[in-house]
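Given next are the chains, with one letter for each unit.
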Amino acid sequence: MVMRAAPLLFRLLPACCRLAGAVAVLAAGLAPAGADTQAADPVPGYRVALPASYVVTPSQHPQNDKVLAIRSKTGMPRAANTDGTLCSAAFRQAPQNARLSQSAINRHLNGEAFRGVMRTTVGAAFTIERETPFTDSGVAGIEIIGTPKHGPGAAGTRIILAIAETPKGRSTLSCAVPASDLATALEALRAIRKAITIPK
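Cut-off values and rules
Residues numbered from 1 in each chain as written. Predicted model: local features only at pLDDT ≥ 70, side-chain atom pairs only at ≥ 80, totals over all residues. Heavy atoms only, no water. Disulfide = S-S within 2.5 Å. Helix = DSSP H or I, 4+ residues; strand = E, 2+ residues; numbered from the N terminus. Buried < 20%, exposed > 50% of the residue type's maximum accessible area, 1.4 Å probe, protein only. Phe/Tyr/Trp six-rings, centres within 6.5 Å; stacked < 30°, edge-to-face > 60°. Lys NZ or Arg CZ within 6 Å of the ring centre and 35° of its normal. pLDDT = per-residue confidence, 0-100. Contact = heavy atoms within 4.5 Å. Core = buried A, V, L, I, M, F, W, Y, C linked by side-chain atoms within 4.5 Å. Pairing = 2+ DSSP bridges. Axes fitted to C-alpha atoms, helices over the stretch in contact; angles between N-to-C directions.

> Looking at this structure, I do not really get the state of the cysteines. What am I missing?
Chemically, a disulfide is nothing more than a covalent bond linking the sulfur atoms of two cysteines. Evaluated as defined, the whole model comprises one disulfide. Between the sulfur atoms of Cys-87 and its disulfide mate Cys-175 the distance is 2.1 Å. Disulfide Cys-87-Cys-175: torsion about the S-S bond near 105°, hence right-handed. Remark: Cys-175 occurs in strand β8 (residues 169–178) and Cys-87 occurs in strand β4 (residues 87–93); sequence separation between them is 88 residues. Look at Cys-87 and you get buried, because its relative accessible area is 0%.

Listed below in structure tokens is the structure:
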């Protein structure tokens, strides 16, 4: 079953990376935070529970079912995006994943086949500096840090992506910070990742 399902998981990857590309070019692909979204929450189980020092507002992206824009009230970590958006958390539903167990999906995401496709796809928009596997609440994922290849201020920006997948779909956290702030911002950005609840 895992081998038959692999192409389904692969097909979701470009969508998450297109979102990351939007963040890399100063959130060009996202509607302004607070813009009109569906009255009913499209994915009620996908949420980010952050302290009061952050503001989380609905946004939109055509390749995802739910997008949340994250800003820091204190200005720390500093956002590279000119509109103040620090991160965007996005979820895309994948009904075809329903027949897979979480353990099977975890094995797939940790496999070299998936990593190879990911490097090729992400590498089209970013120079990948490092990738680090993680597991949050039993869900495996991959953290990617890279430099955008295009866009205003690209060389001085670092993008941090966190991609995770469940039988319900794929979560992508995309954050953009000044390159000089990366080392001090990572702990806070990883805390944001851990604050995301992904439907299982």
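> Just checking my understanding: could you explain the packing of aromatic side chains for this structure?
For any pair of aromatic rings, geometry is given as the distance between the ring centres together with the angle between the planes. This structure, assessed with the given rule, holds one aromatic pair. Seen from the ring of Phe-134, Arg-193 lies directly overhead, with NZ or CZ sitting 3.9 Å from the centre.

> Could you clarify how one ought to interpret the confidence of the model for the protein chain in this entry?
Caution applies to low-pLDDT parts of the model: their predicted coordinates are not meant to be read in detail. Mean pLDDT over the protein chain stands at 84; residues scoring 70 or higher make up 80%. Contacts from residues 1–38, a stretch scored under 50 in pLDDT, to residues over four places away or in other chains number 94 contacts.

> Please clarify how the nonpolar core should be interpreted in this entry.
One broad trend across soluble globular proteins is that nonpolar side chains are buried collectively. Ile-70, Cys-87, Ala-89, Ile-160, Leu-173, Leu-189 and Ile-192 are the most contacted members of the largest nonpolar core, which totals 27 residues. Elements with a contribution of two residues or more to this core: β3 (66–72), β4, β6 (139–148), β7 (157–166), β8 and α4 (182–194). The leading source of residues in this core is α4, at five residues. Look past the residues within four positions of Leu-173 in its chain and what remains in contact with it is Ile-70, Cys-87, Ser-88, Ala-89, Ile-160, Leu-161, Ala-162, Leu-189, Ile-192, Arg-193 and Ile-196. Listed in part, the 13 residues of the second largest apolar core include Phe-114, Leu-161, Ile-163 and Ala-176.

> In this structure, what is going on with the pairing of β4? I would like to understand it.
Taken residue by residue, a regular strand's side chains alternate between the two faces of the sheet. Within β4, five of the seven residues are buried, which leaves it mostly tucked inside the rest of the structure. As paired elements, β3 and β4 share five bridges and run antiparallel to each other. Along β4, the bridge assignment pairs Ala-69 with Ser-88. Relative to β8, β4 runs antiparallel, the two being bridged by seven bridges. Across the sheet, Ala-90 pairs through a bridge with Thr-172, a residue of β8.

> Before we go on, may I ask you to explain the sheet that holds β4 in this structure?
Two modes of strand pairing occur in sheets, parallel and antiparallel, and in both the strands are linked by backbone hydrogen bonds. Within the open sheet, the seven strands sit side by side as β2-β3-β4-β8-β7-β6-β5. Their pairing is antiparallel. The sheet terminates laterally at β2 (54–59) and β5 (126–136), the two strands that pair on one side only. The mean inter-strand angle of the sheet, taken between neighbouring strand axes irrespective of direction, is 20°. Packing of α4 onto the sheet brings it into contact with β2, β3, β4, β5, β6, β7 and β8, and relative to β8 it is tilted by some 155°.

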